[in-house]
Amino acid sequence: MFEISDIILGALSKSPANGYQVRRRINSDFAHFQSVSTGSLYPALSKLKARSAITETGSANGSLDSRTFAITDLGRTMLRQKVQEAGAGERLRSDFLAAVYFSESAGPEETVRLIEERAGALNQEIRALLALPLQSMTNTERFTVRYALAVRRAGLEFLRHEGRAIATAIDIESRNNR
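Predicted model only: the values in this text are computed from it and were never measured. (Residues numbered from 1 in each chain as written. Predicted model: local features only at pLDDT ≥ 70, side-chain atom pairs only at ≥ 80, totals over all residues. Heavy atoms only, no water.)

(A) Main features of helix H2 (residues 19-29). Within H2, the full set of buried residues consists of Gly19, Val22, Arg25 and Ile26. Down the axis of H2, the smallest arc covering the buried residues is 130°, so these residues share one side. Looking at the buried side of H2, the elements it contacts are helix H1 (4-14), strand S1 (17-18), helix H3 (38-50) and strand S3 (67-71). In this structure asparagine 18 caps H2, since a side-chain oxygen of it lies 3.0 Å from the backbone nitrogen of tyrosine 20. (Buried < 20%, exposed > 50% of the residue type's maximum accessible area, 1.4 Å probe, protein only. Helix = DSSP H or I, 4+ residues; strand = E, 2+ residues; numbered from the N terminus. Arc of directions from axis to C-beta. Contact = heavy atoms within 4.5 Å. Polar contact = N/O pair within 3.5 Å; in protein donor to acceptor, adjacent residues only side chain to side chain.)

(B) Seen up close, the sheet that holds S1. Spatially, three strands are ordered S1-S3-S2 in an open sheet, and the strand pairing comes out antiparallel. The open sheet is flanked by S1 and strand S2 (54-58), the only strands paired with a single partner. Sheet analysis places S2 next to S3, joined by five bridges and oriented antiparallel. Bridge pairing in S3 places threonine 55 opposite alanine 70. In the packing of H3 onto the sheet, contacts are made with S2 and S3, and the angle to S2 comes to roughly 110°. (Pairing = 2+ DSSP bridges. Axes fitted to C-alpha atoms, helices over the stretch in contact; angles between N-to-C directions.)

(C) Molecular detail of the nonpolar core. By size, the foremost hydrophobic cluster in this structure holds 21 residues, and its most contacted members are Ile8, Leu9, Leu12, Val22, Ile26 and Ile54. Taken together, the elements giving at least two residues each to this core come down to H1, H2, H3, S3 and helix H4 (73-85). No other element matches H1, which puts six residues into this core. When near neighbours in sequence (up to four residues on either side) are disregarded, leucine 12 contacts Ala17, Val22, Arg25, Ile54, Phe69, Ala70 and Ile71. (Core = buried A, V, L, I, M, F, W, Y, C linked by side-chain atoms within 4.5 Å.)

(D) Quick peek at the pattern of salt bridges. Under the criterion given, the structure shown has nine salt bridges. Among the ionic pairs, arginine 113 bridges to glutamate 110, the shortest N-O distance being 2.3 Å. Here glutamate 110 and arginine 113 lie together in helix H6 (residues 108-130), a separation of three residues that amounts to about one turn. One continuous salt-bridge network, built from bridges that share partners, spans Lys49, Glu56 and Arg67. (Salt bridge = Lys/Arg side-chain N within 4 Å of Asp/Glu carboxyl O.)

(E) Geometry of unusual backbone geometry. The phi dihedral of serine 52 falls on the positive side, at around 65°, and the residue is not glycine. Relative to the assigned elements, serine 52 resides in the loop between H3 and S2. Since its relative accessible area comes to 42%, serine 52 is described here as partly exposed.

(F) Region of the structure containing the side chain of arginine 67. Locating arginine 67 in the fold gives a position in strand S3. Since its relative accessible area comes to 10%, arginine 67 is described here as buried. Polar contacts involving the side chain of arginine 67 include one to the side chain of glutamate 56, which spans 3.3 Å.

(G) Highlighting the packing of H6 against helix H7 (residues 139-176). At a minimum axis separation of 9 Å, H6 and H7 run at an interaxial angle of 165°. With respect to their mutual orientation, H6 and H7 come out roughly antiparallel. Considering only the axes of H6 and H7, their crossing is left-handed. Grouping the amino acids of the contact of H6 with H7 by side-chain chemistry returns 16 nonpolar, five polar and six charged. (Parallel < 35°, antiparallel > 145°, perpendicular 65-115°, else oblique. Left-handed = near helix turned anticlockwise from the far one by under 90°. Nonpolar A, V, L, I, M, F, W, Y, C, P; charged D, E, K, R; others polar.)

Here it is as structure tokens:
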């Protein structure tokens, strides 16, 4: 399972970067499979530095943009090992699915609202993925973007068909229970 420290090593394997650039790289280039907050970035960078997986130049007490981080040979080895150990499993933590699962307790309109919001979010994610510079990406980078697009498009298609069906079923059930 890839943790944020592994993703940071991946980001730094492209080129050295200051903290803000690392965060931006993860939240834009890798947004289809990972995101990072400043609150989790700082500790992960510190742990990677302590493990000699990255180096840091600039003022250690300075802001993220005044410190440049670079992956070391050990860091590259750690990243390579993580890739080799990784399986094909995906973990899915979805506030949307959790909310829909329990939405009957809030009424049929809540389920419809959740489905419509998720469809809108999927459309935004698809647009963001389509805006990525595929021409300048490696084959494996393009593959991850195309995979993410396929998953989001399938999710959107599912919501278009099954979303209507579940909303109708919940509405009929709520009328029958009146």
